[in-house]
Amino acid sequence: MVEPVVLWGRLVGAQIRSQLQYRVSFTLDLFGTFLISFIDFLAVLVIFHNVPRLGTWSVQEVAFLYALSSISFAFTDLVIGHLDQFPQKIRDGSFDIVLVRPRGPLYQVVASDFQLRRLGKAAQGGLVLVYALAALHVDWTVGRIAMLIVMIPAGVIIFSSVWVTGACLAFWTTDGGEFTNAFTYGGNFMAQYPIDVYGPWLRRFLCYIVPLGFVCYFPALYILDKRDPLGLPRVLQFSSPLVAALAAVVAGTIWRGAVRHYRSAGG
Amino acid sequence: MIEVEHLSKHFVVRRGRFRRERHVVEAVHDISFRVERGELLGYLGPNGAGKSTTIKMLTGILVPSSGRVSVAGLDPSRRRVELAKRIGAMFGQRVQLWWDLPLIDSFELLRHIYRVPEHRYRSSLERFREVLDLDPFLHTPVRQLSLGQRIRGELTASMLHEPELLFLDEPTIGLDVVAKQRVRDFLVEINRERGVTVLLTTHDLGDIERLCDRLLVIDHGSLIWDGRIEELKERYGAERTLIVDLEEPAPPLAIDGAVVERVDGPRQWLRFRGPAAELTARVAAAARLVDLQIGEPDIEEIVRRIYAGERVRD
Amino acid sequence: MRLDWEIAKRGWRRYAAYPWATAAGVFTNSIFGFLQAYILLAVFNHRSDVGGYDAADTVTYVWLAQALIMTVYIFGWQELALRIRDGSIATDLSRPLDPQRYWLAFDLGRAPYHLLFRGVLPFIVGALVFQLNYPSPLEVVAFLLSLALAVVVSLGFRFLYNSAAFWLLDIRGVMTVAITVNLFLSGMVMPLSFFPDWLRSVAHALPFAAILQTPVDVWLGKHHGAGLAGVLALQLVWAAVLLGLGRVALRAGARRLVVQGG
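Heads up: these notes are all about the structure in this document.

About the criteria used
- Residues numbered from 1 in each chain as written.
- Chains lettered and ligands numbered in written order.
- Predicted model: local features only at pLDDT ≥ 70, side-chain atom pairs only at ≥ 80, totals over all residues.
- Helix = DSSP H or I, 4+ residues; strand = E, 2+ residues; numbered from the N terminus.
- Rg over C-alpha atoms; globule rule 2.2 N^0.38 Å.
- Buried ≥ 20, exposed ≤ 12 C-beta atoms within 10 Å, placed from the backbone.
- Contact = placed C-beta atoms within 7 Å.
- Pairing = 2+ DSSP bridges.
- Axes fitted to C-alpha atoms, helices over the stretch in contact; angles between N-to-C directions.
- Core = buried A, V, L, I, M, F, W, Y, C linked by C-beta atoms within 7 Å.

The next thing to look at is the overall build of chain C. Looking only at helices and strands, chain C features 12 helices and zero strands. Overall, chain C shows an N-to-C arrangement of helices and strands of α-α-α-α-α-α-α-α-α-α-α-α. Taking 262 residues into account, the globule formula puts the C-alpha radius of gyration at 18 Å, and chain C, at 19 Å, falls close to it. For the C-alpha atoms alone, the extent of chain C along its principal axes is close to 60 × 40 × 35 Å. Per-residue burial for chain C yields a buried fraction of 48% across its 262 residues. Across chain C, contacts joining residues at least 24 apart in sequence account for 83% of those joining residues at least 6 apart.

Here we take up the interface of chain A and chain C. Listed as interface residues are 31 residues of chain A and, on the opposing side, 28 residues of chain C. Looking at the side of chain A that touches chain C, the elements that each hand over two or more residues are α2 (23-50) and α9 (179-192) of chain A. Of all the elements, α2(A) adds the most residues to the side of chain A that touches chain C, at 10 residues.

Tracing the backbone shows C:Glu79 in helix α4 (residues 79-86). For the pair C:Glu79 and C:Arg158, spaced 79 residues apart in sequence, the C-alpha separation works out to 9.6 Å.

Further remarks concern the sheet that holds strand β3 (residues 40-44) of chain B. All names here are of chain B. Spatially, the six strands line up as an open sheet ordered β5-β6-β7-β3-β8-β9, and their pairing is mixed. Each end of this open sheet is capped by a strand with a single partner; those strands are β5 (87-91) and β9 (222-228). The sheet shows a mean angle of 15° between the axes of neighbouring strands, taken without regard to direction. Pairing between strand β8 (residues 214-219) and β9: six bridges, direction antiparallel. Within the sheet, the bridge partner assigned to Leu-215 lies in β9 and is Gly-227. Helix α1 (residues 51-59) contacts β3, β5, β6 (165-169), β7 (197-201) and β8 of the sheet and is inclined by roughly 155° relative to β6. Packing against the sheet, helix α5 (residues 147-159) makes contact with β5 and β6, and its axis sits at approximately 160° to β5.

Before going further, it helps to examine the pairing of strand β10 (residues 239-246) of chain B. All names here are of chain B. Sheet analysis places β10 next to strand β12 (residues 267-273), joined by seven bridges and oriented antiparallel. Of the residues in β12, the one forming a bridge with Thr-241 is Arg-271. Sheet topology note: the β10/strand β13 (residues 289-295) ladder contains six bridges and is antiparallel. Among the inter-strand pairings, Val-244 is bridged to a residue of β13, identified as Leu-292.

Here we come to the nonpolar core. Grouped together as the largest cluster of nonpolar side chains are 226 residues, with contacts concentrated most on A:Ile158 and C:Val153. It is helix α8 (residues 142-172) of chain A that contributes the most residues to this core, 15 residues altogether. Ignoring anything within four residues of it in the chain, the contact list for C:Val153 reads C:Pro207, C:Ala210, C:Ile211, C:Gln235, C:Trp238, C:Ala239 and C:Leu242. If you look at the next biggest cluster of nonpolar residues, it comprises eight residues, including B:Leu242, B:Ala258, B:Phe272 and B:Leu279.

Glancing now at the sheet that holds strand β11 (residues 258-264) of chain B. Residues and elements named next belong to chain B. Reading across the sheet, the four strands line up as β11-β12-β10-β13 and stay open at both edges, with antiparallel pairing between neighbours. Two strands bound the open sheet, and with one partner strand each, they are β11 and β13. Looking at each pair of strands side by side, their axes are set apart by 25° on average, direction ignored.

Glancing now at the pairing of β12(B). For a regular strand, the rule is simple: side chains alternate between the two faces of the sheet. Residue and element names in this part refer to chain B. Along β12, the buried face is formed by Gln-268, Leu-270 and Phe-272; none of Arg-267, Trp-269, Arg-271 and Arg-273, which line the opposite face, is buried. Judged from the six bridges that link them, β11 and β12 form a sheet pairing that is antiparallel. For Val-260, the partnering residue across the bridge sits in β12 and is Leu-270. In this antiparallel pair of consecutive strands, β11 and β12, the connection spans two residues, and Gly-265 shows a positive phi of 65°.

Our next topic: the environment of C:Gly51. Residues and elements named next belong to chain C. Summarising the element assignment, Gly-51 is placed in the loop between α2 (19-43) and α3 (55-68). Overall, Gly-51 belongs to the partly exposed group, with 15 C-beta atoms counted inside 10 Å. Not counting residues within four places of it along the chain, the set of residues in contact with Gly-51 comprises Ser-193, Phe-194 and Arg-200.

One non-glycine residue with positive phi stands out, namely B:Asp133, at about 55°. With respect to the helices and strands, B:Asp133 occurs in the loop between α4 (118-132) and α5. Residue classification places B:Asp133 among the exposed positions, given that 12 C-beta atoms sit within 10 Å. The phi dihedral of C:Tyr73 is positive, around 45°, even though this residue is not glycine. Mapped onto the elements, C:Tyr73 comes out in the loop between α3 and α4.

Shown next, in the form of structure tokens:
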């Protein structure tokens with residue numbers, strides 16, 4: 001149980017060491033990622049330049065959502081961002097090499113590329129979070145603090161599940177890699193805003209099918225002690241960890257099915 | 001070590017952009033063979049013949065459509081992870097090392113991936129460093145290595161966990177003569193000294209000539225030859241070539257039992273069967289010789305004939 | 001002229017060869033279209049006009065922007081940079097065909113493909129679900145003209161930041177900054193009409209607006225008569241300026257190649 005984690009640590013550690021070797025380049029990259037990720041927040045600010053509220057949400061509340069979505073996404077990108085290039089790996093046959101080794105294929109693909117600079121986006125999210133929490137007056141209870149801590153890994157798991165599922169499409173379609181963008185960057189974008197602004201069918205999709213609503217929206221309602229504008233049952237606000245677990249199971253199953261298909265339909 | 005019985009693999013290919021015209025492609029059709037422990041065999045075939053597909057089925061990458069495969073006593077498609085610990089694979093044109101990391105880091109990581117005990121790893125690495133002369137570039141990032149260096153690194157990587165069986169897909173492709181020789185020496189050593197079974201896919205006939213005891217030839221999905229190289233030469237190479245250098249250029253010699261294949265100035269190539277002595281006497285009688293050589297049947301020639309569809313003569 | 005046509009055809013074919021990538025792209029564009037449309041529509045719950053746009057204008061803007069992403073190639077393009085990095089540029093420069101002219105012709109062949117196959121479908125999706133604004137026939141002509149100019153401005157910009165490859169080993173940093181600035185100031189992230197007044201004026205003067213905002217504004221009928229002629233002229237000016245700067249960079253880069261040896 002522990003050994004795969006230790007191995008992952010080694011695999012990732014070797015890459016971190018190699019990236020840190022080029023101090024200047026790395027720092028610039030990190031800083032660049034940090035700055036550029038602010039563009040999305042600028043968009044939020046531009047919107048609120050024109051209106052006082054988005055739906056029932058104030059700018060600080062949206063900033064809160066935005067920050068948590070950013071942080072969760074950044075960590076997801078950090079760990080499994082390599083999946084962006086998965087279609088390419090399938091196309092040029094490098095996935096086969098993974099199958100000749102005595103470890104799980106997803107584990108290997110994910111551990112093979114770890115770009116530390118992606119933390120720049122998490123740092124940006126962190127700053128926005130500080131602003132949001134300072135501006136909002138959260139009634140901090142133990143429960144709320146726990147929720148704040150738990151929602152990030154839960155968010156990462158949900159985002160990862162969506163991303164892995166999207167990446168599986170690369171097994172079936174040759175250039176379908178681009179479909180994943182709708183899930184990954186689309187998912188990030190979706191989660192930055194309160195889902196009550198989206199039309200009814202899209203909202204339902206985001207709650208029950210691709211559960212991105214559980215990355216920030218529901219936990220945020222609890223933390224901010226906000227009345228759910230959608231009037232959904234309160235229990236949903238505590239369901240992120242469960243949803244994350246379910247999402248992981250679904251994604252894992254789809255992935256295994258996809259690998260099975262790859263192994264019978266031909267590399 | 002390897003047992004293959006009536007192995008087949010077909011693919012459903014969809015032609016056209018979005019339209020679904022199904023074609024069934026028989027990549028591998030009913031092939032059977034056995035490989036004993038310790039053999040060094042070559043696997044030859046034109047492109048698209050089914051070589052990679054076979055290898056993929058042997059290594060567990062691909063699941064067969066029908067037939068039985070057993071590698072080291074295991075079914076590759078069912079016991080992939082277990083088998084992976086006992087086999088090594090190297091694909092000449094694909095990189096299995098970590099691109100941005102120093103070579104030694106790749107070795108260390110693989111050691112952990114395969115869970116090789118430290119002392120075994122150290123002694124293996126020691127040997128490979130010596131045999132393949134890895135020290136000059138052991139700490140260089142893989143992306144900065146020359147092809148020859150990278151191949152040596154890849155070979156080491158594939159052997160670090162002391163596999164019983166090694167699959168090599170075009171290991172010498174693109175290498176210069178010296179590098180090729182080094183690789184071949186290495187393969188001979190691990191096969192003869194360590195008893196590692198080696199299955200070598202290659203287009204390089206020099207590899208075949210120098211390394212392989214036995215040859216499997218596949219074409220259009222079917223196994224068309226399985227046997228020792230000497231046998232191959234005998235069956236196909238019943239004809240040999242006598243190369244004569246005459247004192248001066250002359251029209252093609254008319255000699256009984258020989259056919260002039262080629263003329264280049266004073267040199268002529270005569271194809272013949274049977275003992276050379278008699279023919280040589282006849283040639284000497286017919287023209288003034290300066291020198292002569294007897295060319296053994298060239299593997300390349302034989303393989304070319306096989307590919308061209310000449311049936312094996314019984 | 002004949003040569004340009006051949007090159008343009010090649011541009012078309014290059015992207016037509018990957019139908020699944022196109023389908024996936026249409027899907028992604030549609031998803032983003034929905035998201036952004038809803039988000040911006042929420043703004044109109046509080047007011048009926050933002051910077052001269054009403055709700056229908058804004059939603060039309062969103063779907064047009066999604067439809068035109070690939071046509072005006074808002075995201076990263078580094079074909080030229082790759083050729084510079086691997087040295088093939090030396091061969092290109094030794095030929096009698098000017099590289100900038102080549103890429104311009106190529107892009108002008110590529111753009112119609114993307115307009116038809118990455119543009120029309122997402123727009124139809126949006127049109128089916130939302131209430132959009134449509135131009136008059138004359139405005140369509142103006143729109144197409146503006147769009148063509150936008151493609152040229154875009155190519156000029158891309159060519160320029162790609163030429164940084166003559167001096168930098170890896171243009172990834174330059175490209176990221178270029179794309180980010182372009183995304184923001186072209187109106188891709190948000191229509192420029194939403195920006196605060198001071199930022200909007202600045203943005204309209206820059207070439208990035210010419211890449212997306214201008215053609216969309218023409219479609220929405222925001223410019224008439226002299227105003228229309230004015231924005232089209234501005235696009236033309238930026239096209240000329242960027243292409244001109246690109247030529248300067250190309251010449252400087254070529255000289256550097258000769259000195260350095262590639």
